[in-house]
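Secondary and tertiary structure notes
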Amino acid sequence: TSFGYQEVREEEKSQLVGNVFTSVASNYDLMNDLMSAGLHRLWKDRLVSKLNPFPGMKHLDVAGGTGDVAFRIIDTINNEKRQALQDSFEDNLLEDTQIYVCDINPNMLNVGKKRAEERGLSEVRSLVWVEGDAEALNFEDNSMDGYTIAFGIRNVTHIEKALAEAHRVLKRGGRFLCLELSHVDVPIFKELYDMYSFSVIPAVGDIVAGDRESYQYLVESIRHFPQQEKFASMIDDAGFQKVQYENLVGGVVAIHSGLKF
Ligand code: SAM
């Protein structure tokens, strides 16, 4: 059976997204590297450098299943702190820092927890794994210094609800950052990119993960995601100030940001 994005009714979308990520969870890292030629690592570095993490911060990374963004935040805080202290003690560097990783899919969270173990982070109390929905967050109002969502908001059923929740949980002065596959608007490059995403990605998904449909869905969900300007105005409508975006690789990816005042 094949499914088209158009045919997918709204109430089925979350179920479908669940299936997709259950299916891709185990191949997730490999597929990311293959599909982006390793670039997703640099894009996530960029996201975290824009966040400017600091010791003691309370941060929420939504759709953060595999921990990619959270690990970078912790590494950044540890490195800066170590430099400032000019010593090599690893203990208590993170102090009161709390990085919450929230994902709707327990399989993705398990991948992240396993990776935390491999990195020697399983005992780090600053890292908290939470199963939850971006549209109905289980966190208090005005409780977070930062909110990130990387390659996640595209899969959320009601983007407006997720943005409203991001705004609700952030403290005043808190920063919203969203990394997402976006829209290329450069002639020739756009045609090449379309060719790549419509033919190569599902084929690689088939060969590597044995799952063409899930990757077909991912490609179509990129097409249906709002353009950069439109998404920026949605963030604005959710109440954020100083909304901006930065295109990377001609718009293959964009980082949108906003502040809660
Ligand atoms: N942020 C990670 C990264 O960049 O590698 C994972 C991105 S992965 C493409 C998308 C994630 O969004 C999946 O782990 C999926 O379970 C999660 N997700 C989808 N819908 C969600 C929702 N409504 N609330 C929270 N997480 C969701």
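Residues numbered from 1 in each chain as written. Predicted model: local features only at pLDDT ≥ 70, side-chain atom pairs only at ≥ 80, totals over all residues.

Counted only if it meets this: UniProt positions are given in the numbering used here, feature names are shortened, and annotations may be inferred rather than shown by experiment.
You'll find the protein entered in an unreviewed UniProt entry as 2-methoxy-6-polyprenyl-1,4-benzoquinol methylase, mitochondrial, with Oldenlandia corymbosa var. corymbosa given as the organism. UniProt annotates the protein under Pathway (unreviewed entry) with the comment "Cofactor biosynthesis; ubiquinone biosynthesis." You can read under Subunit (unreviewed entry) in the UniProt record for the protein the words "Component of a multi-subunit COQ enzyme complex, composed of at least COQ3, COQ4, COQ5, COQ6, COQ7 and COQ9. Interacts with PYURF; the interaction is direct, stabilizes COQ5 protein and associates PYURF with COQ enzyme complex."

Re the UniProt feature "binding site: S-adenosyl-L-methionine" (unreviewed entry) in the protein
This is how it is decided: Numbering of helices and strands runs from the N terminus, with a helix taken as a DSSP run of H or I at least four residues long and a strand as a DSSP run of E at least two residues long. The exposure label follows from counting other C-beta atoms within 10 Å of a residue's C-beta, where the C-beta atoms are placed from the backbone and the thresholds are 20 or more for buried and 12 or fewer for exposed, leaving partly exposed in between. Throughout, a pair of residues is in contact if the C-beta atoms placed from their backbones lie within 7 Å.
The UniProt record marks Thr66, Asp103, Asp133 and Ala134 with the feature "binding site: S-adenosyl-L-methionine" (unreviewed entry), using the residue numbering of this structure. When you line up the elements, Thr66 lands in the loop between strand 1 (58–62) and helix 4 (68–85). Judged by the 24 C-beta atoms lying within 10 Å of it, Thr66 falls in the buried class. Residues contacting Thr66, with those up to four places away along its chain left out, are Tyr28, Asp29, Met108, Val111, Gly112 and Arg115. Considering the arrangement of structural elements, one finds Ala134 in the loop between strand 3 (127–131) and strand 4 (144–150). Excluding anything up to four places from it in sequence, Ala134 contacts Val62, Ala63, Ile149, Gly152, Val156, Ala162 and Glu165.

Examining unusual backbone geometry
Even without being glycine, Asn52 reaches a positive phi, approximately 60 degrees. Its place among the elements puts Asn52 in the loop between helix 3 (39–51) and strand 1. Even without glycine at this site, Ala63 takes up a positive phi of about 60 degrees. Position of Ala63 relative to the elements: it lies in the loop between strand 1 and helix 4. Overall, Ala63 belongs to the buried group, with 27 C-beta atoms counted inside 10 Å.

Here we look at the site of the ligand
The line we're drawing: Each residue gets a C-beta atom placed from its backbone. Should that atom fall within 6 Å of a molecule or strand, the residue is termed near it. When residues are grouped by polarity, Ala, Val, Leu, Ile, Met, Phe, Trp, Tyr, Cys and Pro land in nonpolar, Asp, Glu, Lys and Arg in charged, and all others, Gly among them, in polar.
Around the ligand, the structure places 21 residues, and the nearest of them are Ala63, Gly65, Asn105, Met108 and Ala134. For the shell around the ligand, the secondary-structure elements that each account for two or more residues are helix 1 (10–24) and helix 4. Tallied by class, residues from the shell around the ligand come to 11 nonpolar, six polar and four charged.

With respect to the sheet that holds strand 6 (residues 241–248)
The following threshold applies: Strand pairing is assigned whenever DSSP detects at least two bridges linking the two strands. Fitted lines through C-alpha atoms give the axes, limited to the stretch in contact for helices. The angle between two N-to-C directions lies from 0 to 180 degrees.
Strand order in this open sheet of seven strands is 3-2-1-4-5-7-6, and the pairing throughout is mixed. A strand with exactly one partner marks an edge of an open sheet, and here the two such strands are strand 3 and strand 6. Between one strand axis and the next, the sheet turns by 15 degrees as a mean value, whatever way the strands run. By the bridge criterion, five bridges tie strand 1 to strand 2 (residues 98–103) in an arrangement that is parallel. Bridge assignment links Leu60 to a residue of strand 2, and that residue is Tyr100. In the packing of helix 6 (residues 159–169) onto the sheet, contacts are made with strand 1, strand 4 and strand 5 (170–181), and the angle to strand 5 comes to roughly 145 degrees.

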